[in-house]
Amino acid sequence: MIKISFPDGAVKEYETGITPFEIAKSISEGLAKKTLAASVNGKVQDANRPLYLDAELKLLTWNDDDGKSTFWHSSAHLMAEAVESLFPGVKFWVGPPTQNPPGFYYDMDLGDRQITEEDLRRLESKMSELARKNETYTRKEIPKAEAVQYFTEKGDEYKLDLLKNLQDGEISFYTQGDFTDLCRGPHIPNTSFIKAIKLTSIAGAYWKGDENNKQLTRIYGVTFPSQKELDDYLLMLEEAKKRDHRKLGKELGIFTMDDDVGPGLVLWMPNGTVIIEELEKLAKDTEMAAGYKRVVTPHIAKENLYITSGHLPYYQDSMYPPMELDGVKYYLKAMNCPHHHKIFSAEPRSYKDLPLRLAEYGTCYRYEQSGELFGLMRVRCLHMNDAHIYCSKEQFAQEFKAVNDMYLKYFKIFGIDKYIMRLSLHDPEKLGQKYINEPELWIETENLVRQVMIENKIPFVEVKGEGAFYGPKIDVQIWSAIGREFTLATNQVDFAQGRRFNLEFTTRNNETETPLIIHRAPLGTHERFIGFLLEHYAGKFPVWLAPLQVKVLPISDRYLDYAQTVLQYLKNADIRTEVDDRNEKIGKKIRDTEIARVPYMLVVGEKEMNDGMVSVRRQGKGDLGLFKVSDLIDKVRKEINDRSSEINERESINIPTHSTP
RNA sequence: GCCGUUGUAGCUCAGUGGUAGAGCACUUCCUUGGUAAGGAAGAGGUCGUGAGUUCAAUUCUCAUCAACGGCUCCA
């Protein structure tokens, strides 16, 4: 007998060799039907795998992340079985479950065969058919030699490649029905758990993620234990689509793009420009208070500047090709820093000038690969909330911390509560290619940043190979309301450019020293930030950001004059206001204004005109009642001045649709 | 850049080897209406672009551009 302890503290005795699935069954048939896998002493394994020792057991169901992962992993195997039966000779690479998007994929080499949407439907039917066969996922431990032989006979070089890195004794095969795969598991008990199947897309994926390798075919899918859950999921995707910044941006007249202008080049429409100006105002106010000075620099510069900065050797692929004038090459700037460095070096600097903080909403051009462009999130002309802080080593920690504080201040204003700070480090193997070849300085600076983060108790994760070419950085990852994850803000240390530009200041002891440079962009770029805000607020911008803040809706044209009077009062109070003077009924005017997400609607008719009042309606909330015009102005002005945002307006959708790991 | 899909009116989408339709939006007129769609009429597209096949191409073929879903890369 063995002793099994459960999460609720209960301990029960069972026969040696019993499986978690059997234990579930002994508790209740219903539980057995839901048990996908088991956590044994914290390790996830098959519910069918016998237990021979005392253990802590947790039965994993659909409600556990590990249960879901196991379910999707087994679904990937089921899909592979279907693919193999429809397309014999296919060779498989790997087929893991994914969190974001939820589901799984399998990478495979289909030879010359191309897979189509119709094939996906056929595969879905095949998968359902196979699932109904109620095949058990059977685990078998295999000696390495035997495994190698199996895949050699099958002619599957991909699995052989996987085997290369595995030791004898840790190799297992899983079989369900006619399909056997090299796999460490775990898997669900049998295929009948998989009730609802949707293969979502076909994509190319480089073998081992390396673009120099062959491209395999990747099929994405998602499965559920019931049809209802699949339907709910598809419904949520529809909801998420409505909140897509590309759709909202068009509907609300925020931005547009045009073939004749070029891919990735955003045309900001009047409504979008209002938002840009409000954001810049916020940045200017904040930076002014934090001791920054504003500068303005040109969009282009001579080649030599970028040779000095190091951009050409390390960043050239991301820059537009140069234009040549009188034998001199000029580049569009991809970064503002070199220009700012030249402002630093334009005058002799002393320690008394430091820290010198130069800020600019700089316009940068980056020749992103065509396949990378994505709405406002990834563009080729961007406006960066940029600044460079030149400081001494002693000042560094405080300055770096102050930048972090600025992020947090902004996040509070925008109600951003889900984010991760990511310490991005260099990859020693890519020194000299992707990173400036200064191994000691890299380590030293990385330690410097790590220390600031630890001392200030700011939680962060570390990622190798994500640093800028000139130094480590803190990137802030955020999620939009529909689950898109991306880097918003960045706070970078630069130990390289100062020396490359011969930047110097005179110390207290009359010696010369090179400053450290902090590159920072708390609001990222206008493009990405507004793209984020559109999804974050579902287009319902807080009043201070709303392109149109108030719309006056006269009941009929008899009250147009009064509406115009109200409009003047609001305009005089610097509130963005318009009158809806169309020949429409009030219901229609309200509907259109609601859809345009204008925060305040003022209905004016006979009684409002007689009493000098307005009937106030708040977008999404309905009628707020009668207000004196001056009271309404005070209310709206306060909301604007406080930059307040109503959190309850941004109920988020939890199903993620897109992610960068 | 690579793999795949798509490209018809401002938007959402039908449709066809014989040079195109719907709803919404837009314009005009009627209606002067009290908190999410009043009525009528009208205007709008050489069907992404270029070539090829054909008596004839928006439809078939090829190329190209762009968008979308991924891969790779990044704010």
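1. A short note on the overall build of chain A
Then step 1. A count of helical and extended segments in chain A gives 20 helices and 33 strands.
Then step 2. Each principal axis of the C-alpha distribution contributes one length, and for chain A these read about 80 × 75 × 55 Å.
Then step 3. A separation of at least 24 residues holds for 69% of the contacts in chain A among residues at least 6 apart in sequence.
Then step 4. Surface accessibility of chain A: about 31300 Å² in total, with carbon and sulfur atoms responsible for 48%.
Then step 5. Side chains of chain A carry 88 positive and 100 negative charges; the gap between the two charge centres is 2 Å.

2. What to know about the layout of surface pockets
Then step 1. Of the volumes computed, that of the second largest pocket is approximately 780 Å³.
Then step 2. Considering the residues around the second largest pocket, the lining is formed by 33 residues, among which His73, Leu182, Cys183, Arg184 and Gly185 are closest to the centre.
Then step 3. Put simply, the parts of the chain that give the lining of the second largest pocket at least two residues each are strand S4 (43–45), helix H3 (65–86), strand S9 (138–141), helix H6 (157–164), strand S10 (172–176) and strand S11 (179–182).
Then step 4. For the lining of the second largest pocket, the element with the most residues is H3, which contributes five residues.
Then step 5. Of the residues belonging to the lining of the second largest pocket, the class tally is 13 nonpolar, 10 polar and 10 charged.
Then step 6. Taken domain by domain, the lining of the second largest pocket gets at least three of its residues from each of domain 1 (2–60) and domain 2 (87–241).

3. Concerning the protein's contact with RNA strand B
Then step 1. Residues in contact with RNA strand B amount to 59 residues; listed here are only the nearest, Tyr206, Gln215, Thr487, Asn583 and Arg591.
Then step 2. Within 4 Å of the protein, the atoms of RNA strand B are drawn from sugar and phosphate moieties in a proportion of 47%.
Then step 3. Contact between RNA strand B and Arg378: a base oxygen at 2.5 Å from a side-chain N or O atom of the residue.
Then step 4. Interatomic distance of 3.1 Å between a side-chain N/O atom of Arg617 and a base nitrogen of RNA strand B.
Then step 5. Elements with a contribution of two residues or more to the surface near RNA strand B: strand S12 (196–206), strand S13 (215–224), helix H8 (245–251), strand S25 (485–494), helix H18 (586–595), helix H19 (606–611) and strand S32 (613–618).

4. Considering the side chain of His77
Then step 1. By the secondary structure assignment, His77 is in helix H3.
Then step 2. Taking the relative accessible area as the measure of exposure, His77 reaches 1% and is therefore buried.
Then step 3. When residues no more than four places from it in sequence are discounted, the contact partners of His77 are Tyr137, Tyr174, Gln176, Phe179, Asp181, Cys183 and His187.

5. Quick notes on the sheet that holds strand S2 (residues 11–14)
Then step 1. Reading across the sheet, the five strands line up as S2-S1-S5-S3-S4 and stay open at both edges, with mixed pairing between neighbours. The open sheet has two free edges, formed respectively by S2 and S4, since each of these has just one partner strand. On average, adjacent strands in this sheet sit at an angle of 35 degrees to one another, irrespective of strand direction.
Then step 2. For strand S3 (residues 37–40) and S4, the ladder comprises three bridges, and the chain directions are antiparallel. Residue pairing across strands places Val40 opposite Lys43, the latter belonging to S4.
Then step 3. In the packing of helix H1 (residues 20–27) onto the sheet, the strands contacted are strand S1 (2–5), S2, S3 and strand S5 (55–60), and the crossing angle to S5 comes to about 70 degrees.

6. Here's the deal with the domain arrangement of chain A
Interfaces are often sized by the amount of accessible area the parts lose when they come together.
Then step 1. Split by domain assignment, chain A resolves into domain 1 (2–60), domain 2 (87–241), domain 3 (251–536) and domain 4 (550–644).
Then step 2. The gap between the C-alpha centroids of domain 2 and domain 3 is 41 Å.

7. What to know about the pairing of strand S19 (residues 328–332)
Two faces, one strand: in a regular strand the side chains alternate between the faces of the sheet.
Then step 1. Sheet topology note: the strand S17 (residues 300–302)/S19 ladder contains three bridges and is antiparallel. Bridge assignment links Ala301 to a residue of S19, and that residue is Tyr331.
Then step 2. Where strand S18 (residues 323–325) and S19 come together, three bridges link them in antiparallel fashion. What sits directly across from Met323, in S19, is Tyr330.
Then step 3. Turn length for the S18-S19 hairpin, with the two strands adjacent in sequence and antiparallel, is two residues, and the turn residue Asp326 shows positive phi of about 50 degrees.

8. Regarding the sheet that holds strand S23 (residues 461–463)
Strands in a sheet are paired, the pairing made by backbone hydrogen bonds, and the direction either parallel or antiparallel.
Then step 1. Taken together, eight strands build an open sheet; the order of strands is S16-S20-S21-S28-S25-S24-S22-S23 and the sheet is mixed. The open sheet has two edge strands, strand S16 (293–294) and S23, and neither has a second partner.
Then step 2. One ladder, built from two bridges, connects S16 with strand S20 (residues 356–365); its direction is parallel. From the neighbouring strand, Arg294 faces S20, where its bridge partner is Ala359.
Then step 3. Across the sheet, helix H14 (residues 439–455) touches strand S22 (419–424), S23, strand S24 (473–479), S25 and strand S28 (516–521), and the angle it forms with S22 is around 155 degrees.

9. Notes on the packing of aromatic side chains
Then step 1. Within the structure shown, the criterion is met by 27 aromatic pairs.
Then step 2. For the pair Trp93 and Trp207, a centre-to-centre distance of 5.5 Å together with 80 degrees between the ring planes defines the contact as edge-to-face. Of this pair, Trp93 sits in the loop between strand S6 (91–92) and strand S7 (97–98) while Trp207 sits in the loop between S12 and S13; the two residues are 114 residues apart in sequence, bridging distant segments of the chain. This pair shows no difference in class: Trp93 is buried, exactly as Trp207 is.
Then step 3. Measuring from ring centre to ring centre gives 6.1 Å for Phe529 and Phe532, while their planes differ by 25 degrees; the resulting arrangement is stacked. Here Phe532 and Phe529 lie together in helix H16 (residues 526–536), a separation of three residues that amounts to about one turn.
Then step 4. On the accessibility criterion, Phe529 (1% relative accessible area) is buried.
Then step 5. Its relative accessible area of 1% is what places Phe532 among the buried residues.
Then step 6. Ring pairs connect the aromatic residues Trp62, Phe71, Trp72, Phe224 and Tyr233, which therefore count as one cluster.
Then step 7. Positioned over the ring face of Phe344 is Arg349, at 5.4 Å from the centre of the ring.
Then step 8. Here the guanidinium or amino end of Arg380 rests over the ring plane of Tyr367, the centre of that ring lying 4.2 Å away.

10. Quick word on the packing of helix H9 (residues 270–289) against helix H13 (residues 393–414)
Then step 1. At a minimum axis separation of 12 Å, H9 and H13 run at an interaxial angle of 140 degrees. When the axes of H9 and H13 are compared, the pair comes out oblique. When you trace H9 past H13, the crossing you get is right-handed. Along its contact with H9, which presents Leu279, Leu282, Ala283, Thr286 and Glu287, the element H13 presents Met406, Lys409, Tyr410, Ile413 and Phe414.
Then step 2. Here the contact of H9 with H13 is built from residues that sort into seven nonpolar, one polar and two charged.

11. Quick notes on the packing of H3 against helix H4 (residues 117–132)
Then step 1. Their axes nearest at 9 Å, the elements H3 and H4 cross at an angle of 115 degrees. For the element pair H3 / H4, the angle class is roughly perpendicular. The interaxial crossing formed by H3 with H4 has right-handed handedness. Seen from H3, the contacting residues are Ser75, Leu78, Met79, Glu81, Ala82, Val83, Ser85 and Leu86; seen from H4, they are Arg122, Leu123, Lys126, Met127, Leu130 and Ala131.

12. Details of a nonpolar patch on the surface
Then step 1. Among the surface-exposed residues, Ile300, Met323 and Leu325 lie close enough to one another that they form a single nonpolar patch of about 240 Å² accessible area.
Then step 2. Examined against the element boundaries, Leu325 turns out to sit in strand S18.
Then step 3. On the basis of relative accessible area, Leu325 is assigned to the partly exposed category, the value being 45%.

13. Describing the pattern of salt bridges
Then step 1. Taken as a whole, this structure holds 42 salt bridges when the rule is applied.
Then step 2. Salt-bridge contacts for Glu444 lead to Lys393; the nearest nitrogen and oxygen are separated by 3.3 Å. With Glu444 in helix H14 and Lys393 in helix H13, this residue pair connects regions lying 51 residues apart in the sequence.
Then step 3. A cluster of three or more residues bridged by salt bridges with shared partners is formed by Arg422, Glu466, Lys473 and Asp475.

The rules behind these values
- Residues numbered from 1 in each chain as written.
- Chains lettered and ligands numbered in written order.
- Predicted model: local features only at pLDDT ≥ 70, side-chain atom pairs only at ≥ 80, totals over all residues.
- Heavy atoms only, no water.
- Helix = DSSP H or I, 4+ residues; strand = E, 2+ residues; numbered from the N terminus.
- Contact = heavy atoms within 4.5 Å.
- Areas by Shrake-Rupley, 256 points an atom, 1.4 Å probe, with all protein chains shown as cover.
- Lys, Arg positive; Asp, Glu negative; His and termini not counted.
- Charge placed at Lys NZ, Arg CZ, Asp CG, Glu CD.
- 1 Å grid on protein atoms, 1.4 Å probe; cavity = no way out; pocket = protein on both sides within 12 Å on 5 of 7 lines; lining within 4 Å.
- Points joined across faces, edges and corners; volume = space filled by probe spheres on them.
- Nonpolar A, V, L, I, M, F, W, Y, C, P; charged D, E, K, R; others polar.
- Domains from an automatic or database assignment.
- Near = heavy atom within 4 Å.
- Polar contact = N/O pair within 3.5 Å; in protein donor to acceptor, adjacent residues only side chain to side chain.
- Buried < 20%, exposed > 50% of the residue type's maximum accessible area, 1.4 Å probe, protein only.
- Pairing = 2+ DSSP bridges.
- Axes fitted to C-alpha atoms, helices over the stretch in contact; angles between N-to-C directions.
- Phe/Tyr/Trp six-rings, centres within 6.5 Å; stacked < 30°, edge-to-face > 60°.
- Lys NZ or Arg CZ within 6 Å of the ring centre and 35° of its normal.
- Parallel < 35°, antiparallel > 145°, perpendicular 65-115°, else oblique.
- Left-handed = near helix turned anticlockwise from the far one by under 90°.
- Patch = residues over 30% accessible without salt bridge, like charges linked within 9 Å, V, L, I, M, F, W, Y side chains within 5 Å.
- Salt bridge = Lys/Arg side-chain N within 4 Å of Asp/Glu carboxyl O.

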